[in-house]
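# Chain and residue survey
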Amino acid sequence: MANFLLVHGAWHGAWCWQRVVPGLIGAGHRVHAVTLTGVGERAHLLQADIDLETHITDVMAAMDAEELNDVVLVVHSYAGMLGTAVADRRPDRLRHLVYLDAVLPKPGECWSSTHASATRTARIAAAQADPLYAFPAPDPSVFGLSDADHAWVQRRQTPHPGGPYTQVLDFDPRRVASVPRTFINCTTPPLGTIDVSRLRMVDPKFWDGAWLPGSQVLEMHTGHDPMVSDPQGLVKHLLSLL
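With respect to the helices, strands and loops of the structure, Q232 is situated in helix 10 (residues 231-240). Classification of Q232 by relative accessible area gives exposed; the value is 68%. For the pair Q232 and R19, spaced 213 residues apart in the sequence, the C-alpha separation amounts to 8.1 Å.

Right, here's the structure in full:
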């Protein structure tokens, strides 16, 4: 039995894993889905002072509250920043770190470091214009969603706190590399803000060579939200890592 800890990306919440959880539980595993402060059912906690450390603490607090060890930590999109931080600070608690079409940062980078300047400028401006310093969600079509899936995600998305967007993350890549890691690359269609991370996942010089040992890359022919668009395929990939 493994302990799966699922962490959503920007604008989402624990709700986005609803189609994945039954398959993992049905295979005999424990599953916990975190909702980060300020989004999802915790949107009422949105404040201007939420930052990257707030969300890192959310994930570590969930591990502590549920007394989780031997954790398969699945981090989607923006949450790649959080998974990297947790692997740096608590590598002994992790069995596997799964970057689900997620951000792969370098030490000293922030979430926005790998984004195009126009995207970065627009999001920062939107956050600065909001009293709670948050920026709105994009249309779910950019995640490759349509019809009922598009409508479901559009109803559930909430503005994302702006603080984590520009706060840098310092970490020891060798400590992170001590945890077995998998990058799941979602290719149809690819999300542009993950393009730099896609290049990094196959770069032998990434983290000065620390990334590739102990890592692997899997591919899904679906969009950026595979937990919505292809939950059965995602469950199959996650179970293959055990």
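Here we come to helix 2 (residues 52-65). Under the 1.5 Å per step criterion, the end-to-end length of helix 2 is 20 Å for 14 residues, consistent within 8% with the ideal 20 Å. E67 sits one or two residues past helix 2 and shows a positive phi near 50°.

Regular strands place side chains that alternate from one sheet face to the opposite one. Among the six residues of strand 7 (residues 181-186), six are classified as buried, and the element is accordingly described as predominantly covered. Because side chains alternate across strand 7, one face comprises the buried residues R181, F183 and N185, and the other comprises T182, I184 and C186, equally buried. Bridging between strand 4 (residues 94-100) and strand 7 involves four bridges; their strand directions are parallel. In the strand pairing of strand 7, L100 is matched with I184. Sheet topology note: the strand 7/strand 8 (residues 215-220) ladder contains six bridges and is parallel. What sits directly across from F183, in strand 8, is V217. In this region the chain leaves strand 7, passes through helix 8 (residues 195-200) and returns to the parallel neighbour strand 8; the handedness of that crossover is right-handed.

When you line up the elements, G40 lands in the loop between strand 2 (30-34) and helix 2. For G40, a relative accessible area of 17% corresponds to the buried category. Residues G40 and Q157, 117 residues apart in the sequence, show an inter-C-alpha distance of 6.9 Å. Every residue in contact with G40, bar those within four places of it in the chain, is listed here: H12, G13, W15, T35 and T158.

By rolling a water-sized probe across the atoms, one finds the places where empty space is left. Approximately 300 Å³ is the volume attributed to the largest pocket. Lining the largest pocket are 24 residues, with W11, T119, R123, P138 and T193 sitting closest to its centre. A total of four residues in the lining of the largest pocket trace back to one element, the largest contributor, which is helix 4 (residues 117-129). Across the lining of the largest pocket, the residue classes break down as 14 nonpolar, eight polar and two charged.

Attention now goes to the pattern of salt bridges. Side-chain pairs of opposite charge can arise whenever the charged atoms involved come near each other. The final tally for this structure, using the stated rule, is ten salt bridges. Measuring nitrogen to oxygen at the nearest pair gives 2.8 Å for the salt bridge that ties D64 to R90. One end of the pair, D64, is in helix 2; the other, R90, is in the loop between helix 3 (80-89) and strand 4, with 26 residues separating them in the sequence. On the basis of relative accessibility, which here comes to 39%, the residue D64 falls in the partly exposed class.

We now examine the side chain of T37. Among the structural elements, T37 can be located in the loop between strand 2 and helix 2. A residue is classified by how much of its surface remains accessible, and T37, at 9% relative accessible area, is buried. Here the side chain of T37 touches R42 through a polar contact of 3.3 Å, side chain to side chain.

Moving on, we come to the pairing of strand 1 (residues 3-7). In terms of residue burial, strand 1 counts as a mostly covered element, since five of its five residues are buried. Side chains of strand 1 alternate between two faces, with N3, L5 and V7 and F4 and L6 buried alike. The sheet contact formed by strand 1 and strand 2 spans five bridges and is parallel. Bridge pairing links N3 to R30 in strand 2. Following the chain from strand 1 across helix 1 (residues 21-26) to the adjacent parallel strand 2, one finds a crossover that is right-handed.

A separate point is the sheet that holds strand 3 (residues 71-76). With respect to topology, six strands assemble into an open sheet ordered 2-1-3-4-7-8, the strand pairing being parallel. Of all strands in the sheet, those with a lone pairing partner are strand 2 and strand 8, marking the two edges. Ignoring which end each strand starts from, the neighbouring axes of this sheet average 20° apart. Lying over the sheet, helix 2 contacts strand 1, strand 2, strand 3 and strand 4, oriented at roughly 155° with respect to strand 1. Sitting on the sheet, helix 10 touches strand 1, strand 3, strand 4, strand 7 and strand 8, and the angle it makes with strand 8 is about 160°.

About the thresholds
Residues numbered from 1 in each chain as written. Predicted model: local features only at pLDDT ≥ 70, side-chain atom pairs only at ≥ 80, totals over all residues. Heavy atoms only, no water. Helix = DSSP H or I, 4+ residues; strand = E, 2+ residues; numbered from the N terminus. Buried < 20%, exposed > 50% of the residue type's maximum accessible area, 1.4 Å probe, protein only. Expected span 1.5 Å × (residues − 1). Pairing = 2+ DSSP bridges. Right-handed = clockwise from strand over helix to strand, strands pointing away. Contact = heavy atoms within 4.5 Å. 1 Å grid on protein atoms, 1.4 Å probe; cavity = no way out; pocket = protein on both sides within 12 Å on 5 of 7 lines; lining within 4 Å. Points joined across faces, edges and corners; volume = space filled by probe spheres on them. Nonpolar A, V, L, I, M, F, W, Y, C, P; charged D, E, K, R; others polar. Salt bridge = Lys/Arg side-chain N within 4 Å of Asp/Glu carboxyl O. Polar contact = N/O pair within 3.5 Å; in protein donor to acceptor, adjacent residues only side chain to side chain. Axes fitted to C-alpha atoms, helices over the stretch in contact; angles between N-to-C directions.

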